[in-house]
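# Structure assessment
This is what each chain is made of:
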Amino acid sequence: MFKMINLYPLKKFRFPVIAECVSPDVFQGKNQKEIEELEIWEGNKQKRLGELFKVEETRKEQETIITVCGDVSKVRRIGAYMTSGEITINGDVGMHLGEEMEGGKITVHGNVGGWTGSMMKGGTIEIHGNASHYLGAPYRGSNRGMRGGKIIVYGNVGNEAGAYMRKGLIKIYGKAGQFAGSRMHNGTIHVQKDSEGRVGACMTGGKIVVEGFLESVLPTFTIESIKKKVKIEEKIVEGPFYLFLGDLTENGKGKLYVSKEKNPQLSSYEKLL
Amino acid sequence: MAVVKAVTCPVCGCLCDDIELTIRNGKIVKVKNGCAMCESKFLSHKNEHRILKPLIRKNGEFVEVSLEEATRKAAEILTKANYPILYGWSSTSCEATRVGLELAEEIGGVIDNTAVVCHGPSILSIQDVGISSCTLGQIRHRADLVVYWGSNPWSAHPRHIERYTAFSEGRFQKSAWKGYLTKVKASAAKKKIESALRRVLFRKKAFVSPKPRKGPPPTLFKEGRKLIVVDVRKTRSAEISDCFLQVEPNKDYELLQALRALINEQEIDVDEVAGIPVEYLEEIADLMIGCNFGVLFFGVGLSMSKGKLRNVDAALSLVRDLNMRTKFVIMPMRGHFNVTGVDTVFTWQTGYPYAVDFSLGYPRYNPGETSVVDILLRGESDAALIVASDPVASFPKKVAEQLVKNPLIVIDPHMSATTRMADVVFPSAFVGIEASGTAYRMDHVPLPLKKVVNPPNGVLPDEEILKRILVEVKKLKEKRLVEAA
Amino acid sequence: MDIAIKDGKIVERVDELRARKIYASGMIVMPGGVDIHCHIAGSEVNTGRLLRPEDHFRDFERKTPKTRSGVGYSVPSTFTTGYRYARMGYTTIMNPSMPPLEAKHTHEELNDTPMVDKGTYPLLGDWWFVLEYLKKGEIEECARYVAWMITSTKGYAIKIVNPGGLEAWGSGGNVGSIDDQVPYFGITPREIVRGLCKVNKLLNLPHTIHVHTNNLGKPGNYLTALDTMKCVEDLASEDKPAIHITHCQFSAFKGSDWRTLKSGAEEIARYVNNHSHVTLDMGQVIFTDTTTMTADGPFQYTLHELSGNKWVNHDVETETSSGIVPFRYRRKSYVHAIQWSIGLELALLIKDPWKIFMTTDHPNAGPFIFYPRIMAWLMSRKAREAVLNRINRRARNRSLLPSIDRELGFYEIAIVTRAGQAKALGLKNKGHLGVGADADVAIYNVNPETIDPSRKYKTVRKAFRQAAYTVKGGETVAKNGEILKHVKGTTMWLDVQVSEPIKITEEMKRRFREYWTVEYENYPVTEKYLEVSHPITVKANV
Ligand code: SF4
Ligand SMILES: [Zn+2]
């Protein structure tokens with residue numbers, strides 16, 4: 001029933017490849033032949049998965065495990081809607097990875113494109129490289145951001161990570177671009193290094209922690225206090241941190257923690273305390 | 001000699017439709033009512049580097065060919081492509097765009113318009129927060145506070161202020177033109193006195209030029225219509241305004257958000273935002289709340305500076321919030337005369353305003369992913385059709401390079417940078433001068449474009465050329481199906 | 001019984017040997033559906049599309065060799081709109097709100113809406129010319145201008161939305177009752193409605209004035225609706241309708257605030273049952289995510305404030321306004337559940353099916369694709385109960401539905417979904433299958449002789465969702481959900497002929513230039529904008 005499937009791209013892709021079918025839910029219960037027959041798009045041509053990937057079936061497993069070996073940076077929507085099982089990608093991967101994912105785990109040893117974990121509801125995505133813009137953010141026009149699950153990025157991320165977030169955790173070991181956590185309602189974003197600014201714009205709730213340099217806090221945030229430490233999912237992160245509340249424009253009650261040590265330029269706020 | 005009245009000007013998003021043209025021997029000899037941009041377009045369309053015959057590049061050289069041959073060649077390129085792009089559109093008619101969309105669908109391509117490099121971000125923000133807007137006449141009749149933000153209408157939309165806003169005369173609001181004249185006279189008088197003084201004071205500088213004011217100028221509290229300009233530098237429009245707010249570059253977002261907080265009666269921790277003291281901002285916020293009908297026009301200065309769509313997001317939200325207190329509207333200053341119309345046609349046929357990807361056989365939309373500039377940056381396309389646009393000149397170098405690497409088809413009246421790099425060139429008629437059609441003004445009012453003179457012999461309108469390509473594409477596809485079977 | 005079709009018309013007989021035949025025994029044969037009020041084209045609809053990529057991206061239709069691609073859901077793209085109507089057996093639809101200044105836009109979209117014949121109503125209730133001439137009491141002059149406007153915009157009927165309120169909204173205000181003064185113009189909604197009702201009669205228009213009442217969507221507004229109907233009571237003659245109150249559900253709220261909201265359907269039904277000058281349509285709420293869009297700017301703003309959802313406003317100089325707000329109707333919301341109940345109560349309590357028609361005010365109360373569901377609710381108590389059991393409890397306790405036994409039969413369904421609508425619109429060749437009618441036919445795969453729709457409502461619903469055959473102008477265009485042929489459909493408009501048309505003098509042009517920001521010459525929609533133009537000549541009494 002469950003097994004391990006390895007996929008090897010047969011060439012370096014030039015056109016966008018839409019591969020919604022690369023998901024444990026779809027592969028489950030299918031044999032190699034059936035998997036090769038799955039529908040996939042390369043540019044404007046409909047193809048079979050087997051035309052673009054070498055499919056290799058190996059040992060039995062507890063769950064369906066998919067391993068993609070090679071550069072799939074043009075391949076989009078891998079693991080979209082997945083509910084269980086595992087995907088490991090050894091190489092860069094394209095946009096919409098794990099979009100609307102509900103469970104299971106995706107691990108990437110490489111960089112990921114935009115909209116990774118977009119509108120995700122559950123499960124875990126672990127990225128050992130960098131992530132592009134709109135990590136965990138919703139589709140255009142939608143306000144249904146991430147509603148659960150975990151995204152861990154060991155590298156840097158682009159703009160608008162965690163926009164409209166409602167629940168869950170985004171943990172970034174590297175730097176974050178502009179507008180991290182914009183319009184977020186709840187959940188947690190943890191940036192271990194610097195942030196490009198405009199963090200938490202229009203947030204109404206939730207928690208953002210910036211451990212690195214943040215040039216300025218939006219004028220629509222107000223200083224609340226200095227905290228020695230902050231708790232993120234059972235774990236304590238040592239500070240001290242300036243705690244700001246905002247965003248005032250939305251009558252928000254979001255919490256923005258910014259490292260005191262790394263940000264002497266914010267010390268002028270202290271006189272307001 | 002004939003005089004044609006009520007001609008629509010096919011240049012900028014103002015789409016002035018009161019132009020009067022005098023035509024003699026099939027040539028436009030006089031333009032009345034238009035601005036300089038309008039005049040030069042109508043008077044010089046024939047003198048520019050017009051192309052008169054379809055061209056195909058053979059062995060690196062352009063060769064004149066028949067329309068049929070060019071059409072066949074274009075259709076071949078497009079049907080063969082795996083991920084073709086169709087770009088331009090905002091300087092052609094809605095009718096041509098309609099055909100373009102069908103063509104894009106037929107070949108499974110990505111169709112995008114120039115909004116992607118100007119107000120595309122604005123549209124993304126509208127999709128997030130909505131927009132409180134109206135037609136321009138509404139502003140002429142009612143607005144008593146006019147704000148231009150990151151836009152310089154005096155140069156880019158020359159008749160905007162006079163026809164639709166501060167200097168126009170409406171039913172409930174009078175023109176601020178007189179006040180402006182007095183101001184100009186006063187400043188001229190001041191200059192006279194200054195120079196007289198200089199002479200008296202042995203050519204020394206009479207006054208040290210005053211420090212930029214930190215408080216709002218007194219003109220802001222005058223009666224009647226007020227004009228505020230917000231920009232990073234003092235433009236011509238700023239000079240004629242009642243108040244100019246100079247915002248630090250790339251700080252528009254902070255400024256807009258601060259204004260939002262202030263009109264929501266929130267206290268701000270900092271003393272200065274974007275280089276402007278908060279007390280001053282409070283005055284501006286009061287003015288906005290206190291007006292009867294305010295309008296905020298924004299340009300690419302806002303939508304294309306750091307923060308992009310989120311700057312517009314903040315502006316839209318500011319105006320939305322202001323509606324709790326008074327009537328306030330907002331409008332993007334669309335550049336190309338029909339960029340609004342093109343967005344409109346895209347939307348009714350596909351549900352999406354630009355960056356529409358048909359590669360899966362149905363419309364998909366996600367700017368950043370399906371937008372032409374990004375596709376080119378990632379090197380994904382393998383053919384392009386450009387209509388009434390010059391991306392080689394306007395795109396960043398890297399993007400333009402990618403564009404010309406692949407087969408390139410261009411439909412354009414003249415030899416532009418893009419045309420020069422093309423593989424197939426269709427000369428086309430100037431829509432609004434040599435071909436009729438429809439265009440939409442920046443406020444979504446549709447206006448007819450007139451054909452006032454004949455195009456050069458054998459030169460067809462965009463719409464017609466596209467139709468021919470479409471027919472040829474369908475034929476080719478059918479043939480291929482038959483061959484396959 | 002056989003129905004013979006030739007050259008797009010229903011005829012006495014055809015040569016049976018040579019005719020193509022559709023065997024429809026055991027099926028229901030109806031005239032093609034007619035929708036009197038659905039927002040499918042024009043500036044507000046399209047802005048609704050633009051506003052909502054998140055509404056479309058899951059609901060798409062792929063291109064086929066016969067059809068164009070497109071997207072749904074609540075505001076479908078134009079081609080998809082046409083196909084989806086055709087699949088349900090609808091062949092005529094009316095787009096109810098067109099800002100005259102943007103009429104070209106509406107018509108360009110109608111051109112791209114295939115499969116159906118269509119018409120559109122210009123918004124005239126807040127047009128400055130109307131306000132001014134009515135104020136001066138110059139009804140005949142007003143009528144001449146209205147005639148000019150209808151013909152110039154290629155419109156089909158006089159649409160009035162929140163009369164006077166929209167002009168007030170231009171400066172951020174509104175009117176609160178039909179006797180409030182419109183700021184600056186010194187006229188009341190009552191005078192506007194009465195004035196245009198008289199104009200309508202003077203011009204001999206086929207449809208009545210089409211009215212969206214003041215105070216729409218506000219608790220207690222059923223009184224405004226009653227006032228509006230009453231105010232033209234004396235203008236009716238020969239038992240003919242004089243006013244159409246559209247999406248009446250939104251105007252049938254009793255109570256003083258949202259908490260005390262109750263249905264005013266009983267009062268409205270009582271009035272309508274006792275008077276013959278009114279027709280209505282339902283504006284039935286569907287529990288789903290949709291997009292509200294009306295010309296009623298102030299109402300849309302209130303909706304934005306209530307829901308916190310994104311909001312578009314678009315005021316049109318000298319004429320009208322509009323607003324758009326995405327909205328989700330929830331079963332568990334007290335207010336929404338009451339609204340759901342009101343629509344059905346109206347349809348069931350009004351005895352004469354020729355007086356109330358089925359609509360959702362698409363997409364305001366729900367997308368049109370849910371019509372089959374409404375048909376099932378109308379035909380089956382059981383279907384209604386199934387929903388009642390799942391709605392907000394307080395709303396259920398207050399609903400009148402449990403006390404209503406009435407179940408519509410197939411014949412009545414045919415009236416509320418086509419025949420009645422066609423009659424109210426004055427479309428002589430639509431809504432019936434008599435000789436001379438347009439050959440627009442819908443065939444549903446359900447046997448009215450054998451099925452009990454009250455019990456088997458799901459079967460009926462399924463049949464209505466996908467016509468076995470849709471015939472448009474004599475051609476089979478859809479079969480079991482598949483589009484067989486992309487046909488254009490006509491745009492019907494009124495060529496209103498008055499004995500003394502308005503004169504376009506230089507003075508008039510100057511006034512025009514003052515009121516609008518476009519030139520007189522560029523205002524009218526020329527016939528070349530209509531791909532398949534179908535003018536209907538109307539001889540006016542003025
Ligand atoms: S303002 Fe724009 S539209 Fe008007 S005349 Fe000048 S260029 Fe033409
Ligand atoms: Zn409606």
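The model shown is predicted, which means the values in this text are computed figures rather than measured ones. One numbering rule holds for all chains: residues counted from 1, following each sequence as written. As a convention, the first chain written is A and the first ligand written is 1, with the rest following in written order. At least 70 in pLDDT is required for a residue's local features to be given in this predicted model, at least 80 for side-chain atom pairs to be given and counted, and no such filter applies to totals for whole chains, interfaces and linings, which use all residues. Water and hydrogen atoms play no part in the side-chain values, which are based on all heavy atoms of the structure.

### A closer look at the coordination of the zinc ion (ligand 2)
All names here are of chain C. Donor atoms from the polypeptide that bind the zinc ion (ligand 2) are His 37 (NE2), His 39 (NE2) and Asp 361 (OD), placed at 2.1 Å. Sodium, potassium and calcium take a 3.2 Å donor cutoff, other metals 2.8 Å, and in both cases only N, O and S atoms count; water is not among them, so sites may look incomplete. Read in sequence order, the donor residues for the zinc ion (ligand 2) give the motif H-x1-H-x321-D. Taken together, the residues His 39 in the loop between β4 (33–35) and α1 (43–51) and Asp 361 in the loop between β18 (356–357) and α13 (371–379) connect sequence positions 322 residues apart. Asp 361 carries the same exposure label as His 39, and that label is buried. Helix numbers and strand numbers start at the N terminus; a helix is a DSSP run of H or I with at least 4 residues, a strand a run of E with at least 2. Each residue is assigned to one of three classes by its accessible area relative to the maximum for its type, calculated with a 1.4 Å probe on protein chains only: buried under 20%, partly exposed between the two thresholds, exposed over 50%.

### Notes on the nonpolar core
Of all hydrophobic cores here, the largest spans 199 residues; its most connected members are Leu7(A), Leu49(A), Phe53(A), Phe244(A), Leu103(B) and Phe426(B). Contacts: residue pairs with any heavy atoms within 4.5 Å of one another. Phe53(A) has contacts with Leu7(A), Tyr8(A), Pro9(A), Leu10(A), Phe13(A), Ile40(A), Val68(A), Val72(A) and Val75(A), leaving out every residue within four places of it along the chain. By size, the runner-up hydrophobic cluster in this structure holds 159 residues, among which are Trp127(C), Tyr133(C), Trp169(C) and Val272(C). We define the nonpolar core as a collection of buried residues of types Ala, Val, Leu, Ile, Met, Phe, Trp, Tyr and Cys that are connected through side-chain atoms lying within 4.5 Å of one another.

### Brief notes about the pairing of strand β4 (residues 45–48) of chain A
All names here are of chain A. Across four bridges, the pairing between strand β3 (residues 39–42) and β4 is antiparallel. Paired with Glu 42 across the two strands is Lys 45, which belongs to β4. Two strands qualify as a pair provided DSSP detects at least 2 bridges between them. The antiparallel pairing of β3 with β4 creates a hairpin that spans two residues between the two strands, and Gly 43 there sits at a positive phi of about 55°.

### Thoughts on the sheet that holds strand β3 (residues 27–32) of chain B
Residue and element names in this part refer to chain B. Spatial strand order, β1-β2-β3: three strands in an open sheet with antiparallel pairing. Unpaired on one side and paired on the other, β1 (2–7) and β3 mark the two borders of the sheet. For this sheet, the mean inter-axis angle between neighbouring strands, taken without regard to orientation, is 25°. Between N-to-C directions, angles span 0 to 180 degrees; the directions come from axes that are lines fitted to C-alpha atoms, helices contributing only their stretch in contact. Running over the sheet, helix α1 (residues 36–44) touches β1, β2 (19–24) and β3 and is turned about 165° from β3.

### Focus: the interface of chain C and chain A
Across the boundary between the two partners, chain C contributes six residues, which contact eight residues of chain A. Salt bridges are identified by distance alone: a Lys or Arg side-chain nitrogen within 4 Å of an Asp or Glu carboxyl oxygen. For the interface between chain C and chain A, the tally reads one salt bridge. For the salt bridge of Arg58(C) with Glu100(A), the shortest nitrogen-to-oxygen distance reads 2.8 Å. Counted as a polar contact is a pair of N or O atoms within 3.5 Å, where, for protein atoms, one must be capable of donating a hydrogen and the other of accepting one, and residues adjacent in sequence contribute only when both atoms are in side chains. Between the two partners, chain C and chain A, sit two residue pairs in polar contact (both at pLDDT 80 or more). Each residue is assigned to one class: nonpolar for Ala, Val, Leu, Ile, Met, Phe, Trp, Tyr, Cys and Pro, charged for Asp, Glu, Lys and Arg, and polar for all the others, Gly among them. Within the side of chain C that touches chain A, the residues separate by chemical class into two nonpolar, no polar and four charged.

### Points about the site of ligand 1
When at least one non-hydrogen atom of a residue lies within 4 Å of a molecule or strand, that residue is treated as near it. Every residue close to ligand 1 is listed here: Cys9(B), Val11(B), Cys12(B), Cys14(B), Leu15(B), Cys16(B), Cys35(B), Met37(B), Cys38(B), Pro158(B) and Arg159(B). Counted by class, the shell around ligand 1 contains 10 nonpolar, no polar and one charged residues.

### Looking at helix α2 (residues 67–80) of chain B
All names here are of chain B. Multiply 1.5 Å by the residue count of a helix minus one, and that product is the helix's expected span. When the terminal C-alpha atoms of α2 are compared, their 20 Å separation across 14 residues agrees well with the 20 Å that a helix rising 1.5 Å per residue should span. For α2, the set of buried residues is Leu 67, Ala 70, Thr 71, Ala 74, Ala 75, Ile 77, Leu 78 and Thr 79. On the buried face of α2, the contacting elements are β4 (55–58), α3 (94–107), β18 (384–387), β19 (408–412), β20 (424–427) and α19 (462–484).

### Digging into a negative patch on the surface
Residue and element names in this part refer to chain B. On the surface, Glu 248, Glu 267, Asp 271, Glu 272, Glu 279, Glu 282, Glu 283 and Asp 286 cluster together into a negatively charged patch. Looking at the negative patch, the element that brings in the most residues is helix α11 (residues 278–290), giving four residues. Mapped onto the fold, Glu 279 is located in helix α11. Exposure remark for Glu 279: the relative accessible area of 57% places this residue in the exposed category. To count toward a patch, a residue needs a relative accessible area above 30% and no salt bridge. Like charges then connect within 9 Å, nonpolar side chains (Val, Leu, Ile, Met, Phe, Trp, Tyr) within 5 Å. Accessibility throughout is a Shrake-Rupley quantity obtained with a 1.4 Å probe, and a residue counts as covered only by protein chains that appear here. The convention is simple: Lys and Arg are positive, Asp and Glu are negative, and His and the chain ends are not counted. Lys charges are placed at NZ, Arg charges at CZ, Asp charges at CG and Glu charges at CD.

### What to know about a nonpolar patch on the surface
There is a patch of nonpolar side chains on the surface, built from Met1(C), Ile3(C) and Val29(C) and spanning about 340 Å² of accessible area. Residue classification places Met1(C) among the exposed residues on the basis of a relative accessible area of 95%.

### What about the side chain of Lys159(C)?
Residues and elements named next belong to chain C. Locating Lys 159 in the fold gives a position in strand β9 (residues 159–161). Lacking a salt bridge, the buried Lys 159 has Glu 44 as its closest oppositely charged neighbour, with an N-O distance of 6.7 Å. Aside from chain neighbours lying at most four places away, what touches Lys 159 is His 37, Pro 96, Ser 97, Tyr 121, Pro 122, Leu 123, Leu 124, Gly 125, His 210 and His 212.

### A closer look at the pattern of salt bridges
Under the counting rule described, the total for this entry stands at 87 salt bridges over all chains. With a shortest N-O distance of 2.8 Å, Arg159(B) and Asp18(B) are connected by a salt bridge. With Arg159(B) in the loop between α6 (153–156) and α7 (160–163) and Asp18(B) in the loop between β1 and β2, this pair connects stretches of sequence that are 141 residues apart. The salt bridge involving Arg441(B) is made with Glu317(C); its shortest N-O contact spans 3.9 Å. A residue pair is termed interchain when its members come from two chains, as with Arg441(B) in the loop between β21 (437–440) and β22 (446–449) and Glu317(C) in the loop between β16 (311–315) and β17 (323–328). Overall, the relative accessible area of 0% leaves Arg441(B) in the buried class. Using a relative accessible area of 0% as the deciding quantity, one classes Glu317(C) as buried. Residues joined by salt bridges that share partners form a network here, namely Glu160(A), Arg183(A), Glu250(A), Asp128(B), Arg260(B), Arg310(B), Asp313(B), Arg320(B) and Asp321(B).

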